[in-house]
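Summary of structural features
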Amino acid sequence: MASLSAALAACGKKAPLGSPCRADDDCASGLACHREQCLHEGSARRLREEEQRASGDAGARKVGDRIEVEWKGSYKPAIITGVVAPGSYRVHFEGYDAQWDEVVTEARIKGGARSGPGPRTAIPAASGSSR
């Protein structure tokens, strides 16, 4: 499919939405190249801004960071196993099986931004668990 962009460029046409690209000039009017794909200009701009904010944040959390996550009014030690989106992380609670892993936002992380009580994600009951 990478040859589509080259073929379109050779005949003077611009790549349509969803096509592979290397630069904004490869994409049709109203589209921009983001991560080698033609997207609507507004979408590409928002994605670029989000990535820039996320990469420019020196305090950003990353995979492997040890944190404390609020659960039922107390904090449990956890480790970040994945970044889902800026400010949203998949975590593994230390000392518990992977079935307890969940996605949490900064609002539930000790020292994170707190905007008041929000919806809580229920953790499934496990047989033989001390939780």
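Up top is the structure these notes are about.
This one's a predicted model, so the numbers in the text were calculated from it and none came from an experiment. (Residues numbered from 1 in each chain as written. Predicted model: local features only at pLDDT ≥ 70, side-chain atom pairs only at ≥ 80, totals over all residues. Heavy atoms only, no water.)

1. Here we look at the packing of aromatic side chains
Enumeration over the complete set of coordinates arrives at one aromatic pair. Here tyrosine 96 and tryptophan 100 contribute two aromatic rings whose centre-to-centre distance is 6.1 Å and whose plane-to-plane angle is 65 degrees, an arrangement assigned as edge-to-face. With respect to burial, tyrosine 96 and tryptophan 100 carry one shared label: buried. The lysine or arginine in question, lysine 110, covers the ring of tyrosine 75, its NZ or CZ lying 5.3 Å from the ring centre. (Phe/Tyr/Trp six-rings, centres within 6.5 Å; stacked < 30°, edge-to-face > 60°. Buried < 20%, exposed > 50% of the residue type's maximum accessible area, 1.4 Å probe, protein only. Lys NZ or Arg CZ within 6 Å of the ring centre and 35° of its normal.)

2. Points about the side chain of glutamate 102
Positionally, glutamate 102 belongs in strand 6 (residues 102–105). According to the relative accessible area criterion, glutamate 102 is buried, its value standing at 5%. (Helix = DSSP H or I, 4+ residues; strand = E, 2+ residues; numbered from the N terminus.)

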